[in-house]
Amino acid sequence: MSRLLSFVLLGLCAVLASCASPPDPAAPIDLRGQMPVARYVGTLPCADCAGVRTDLALYRQDRTPLGYALAETYLGTREGDRRFERTGRWSLQPSGQPDLALLTLDPGLPERERHFAQVGELVLRALDRTRNELPAHLPRSLVRVPDDVPADVPVLTAGDSRSLTDLAVGGQLVLLLPANRAMGYGWRMVPDPNAVLEPVANPAYVSDPASAARVAAPGLEVFRFRAPVPGQQILRLEYRRSWDPSTAQTPSVTFTVRVR
């Protein structure tokens, strides 16, 4: 074999080896021009602030995870609300339990890894660094945003109850609240004679396709509002059957919205 042919074969082997190797987990991710396949929002617990409002977009190319974009706002710190953004890679692996998978951000980078249990298609439940469940009393869930909600529209969940949200006149707001209509329950708006927000259509109900076989599987109620005039309103919603009266024990959420 000639020396030239040997060098050509060695070079070809090196190229093939590099193509077969997995991507560098620390390599930068370029998501420009890409559309997310799923977006999840919610407020997660924080050791030294009021909570971390989290907005996670997942991108995929064909059936292969491409990358993620994560925006986190630390609420009520000593310096006020602080927002951080980052991108990276993600992976999804089966957990061995029905309707449950393990989603990992930045796999292969231990100092950056974050873990979530994907519950069906509607919920990501945050796990600790050892992949164990967080205490149930903590706000630990991100919920999936409907695909037709624009990225610039604020989306609030049950974990944002008692929060303050600013809207510009003409802006929109979306609430995503867990519900189980199969059991007759739903979120009922408490009327406000001084309302400044207008509902957009009737509340929609989104069920989880992954849990369709379970008759009593929970879903999400989607409330959409627009803000035609300036002012302030406290949105109060109660979780009950339509024929049940409101009581002091009725679960409820409240959101203060300031339009200016």
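Owing to the predicted nature of the structure, the values given are computational and were not obtained by experimental measurement. Position numbers for residues start from 1 in each chain and track the written sequence from start to end. Reporting in this predicted model follows two pLDDT cut-offs: at least 70 for local features of residues, and 80 or more for side-chain atom pairs to be given and counted; totals over whole chains, interfaces and linings ignore these cut-offs and use all residues. The basis for every side-chain value is the complete set of heavy atoms in the structure, and neither hydrogens nor water enter the calculation.

Things to note about the overall build of the protein
- Where helices and strands are cited, they refer to DSSP runs of H or I of at least four residues and of E of at least two residues respectively, numbered from the N terminus. Assigned secondary structure in the protein consists of one helix and 18 strands.
- Here the protein holds 260 residues, and the buried ones make up 37% of them.
- Throughout, a contact is declared for two residues whenever any of their heavy atoms are within 4.5 Å. The contacts of the protein with a sequence gap of at least 6 include a subset with a gap of at least 24, amounting to 54%.
- Counting only carbon and sulfur atoms, one obtains 56% of the accessible surface of the protein, whose full area is about 15300 Å². Only protein chains enter the area calculation, which uses a 1.4 Å probe; residues under 20% of their type maximum are buried, those over 50% are exposed, and those in between are partly exposed. Using the Shrake-Rupley algorithm and a 1.4 Å probe, accessible areas are obtained, with residue cover drawn only from the displayed protein chains.

Examining the sheet that holds strand E13 (residues 185-189)
- Here a strand pair is declared whenever DSSP counts at least two bridges between the two strands. Strand order in the open sheet made by the four strands is E11-E18-E17-E13, with mixed pairing throughout. Strands with a single pairing partner mark the edges of an open sheet, and in this sheet they are strand E11 (163-167) and E13. Geometrically, the sheet is characterised by an average inter-axis angle of 25° between neighbouring strands, direction not taken into account.
- When E11 meets strand E18 (residues 252-259), the two strands line up parallel, connected through five bridges. Counted as the bridge partner of Leu-164 is Thr-256 from E18. Note on geometry: axes are C-alpha line fits, over the in-contact stretch for helices, and angles between N-to-C directions span 0 to 180 degrees.

What to know about the confidence of the model for the protein
- Mean pLDDT over the protein works out to 87, with 87% of the residues at or above the 70 mark.
- A score from 0 to 100, pLDDT tells how confident the predictor is in each residue. Taken element by element, the protein is modelled with least confidence in helix H1 (residues 3-20), mean pLDDT 42, and with most confidence in E18, mean pLDDT 97.
- Here residues 3-20 is a poorly scored stretch, pLDDT under 50, and it has two contacts once near neighbours within four places are set aside; other chains count.

Topic: the layout of surface pockets
- In this analysis a 1.4 Å probe is tested at points of a 1 Å grid over the protein atoms alone, and where it fits but cannot get out there is a cavity; an open set with protein on both sides within 12 Å along at least five of seven lines is a pocket; lining residues have an atom within 4 Å of a point. Grid points are joined across faces, edges and corners, and a volume is the space filled by probe spheres set on the points. Taken as a whole, the largest pocket holds about 920 Å³ of empty space.
- Every residue lining the largest pocket is counted, 37 residues in all, and those nearest its centre are Arg-39, Val-41, Asp-55, Ala-151 and Val-153.
- Elements with a contribution of two residues or more to the lining of the largest pocket: strand E1 (38-44), strand E2 (51-61), strand E3 (64-77), strand E4 (80-88), strand E10 (155-157) and E11.
- All residues other than Ala, Val, Leu, Ile, Met, Phe, Trp, Tyr, Cys, Pro, Asp, Glu, Lys and Arg, Gly among them, are scored as polar; the first ten of these are nonpolar and the last four charged. Among the residues forming the lining of the largest pocket, the class breakdown is 21 nonpolar, five polar and eleven charged.

Let's talk about the packing of aromatic side chains
- Two rings belonging to Phe, Tyr or Trp (six-membered ring only in the last case) form a pair when the distance between their centres is within 6.5 Å. Interplanar angles under 30 degrees mark stacking, angles over 60 mark edge-to-face geometry, and anything in between is tilted. If you walk through the whole model with that rule in mind, you get three aromatic pairs.
- Centre to centre, the rings of Tyr-185 and Tyr-239 are 5.4 Å apart; their planes meet at 25°, and the pair counts as stacked. You can see Tyr-185 sitting in strand E13 and its partner Tyr-239 sitting in strand E17 (residues 231-241), a full 54 residues away along the chain.
- For Tyr-239, a relative accessible area of 19% translates into the label buried.
- Between the aromatic rings of Trp-187 and Tyr-239, the centroid separation amounts to 5.0 Å while the plane-to-plane angle is 40°, which identifies the pairing as tilted. Within this pair, whereas Trp-187 is found in strand E13, its partner Tyr-239 is found in strand E17, the two being separated by 52 residues in sequence.

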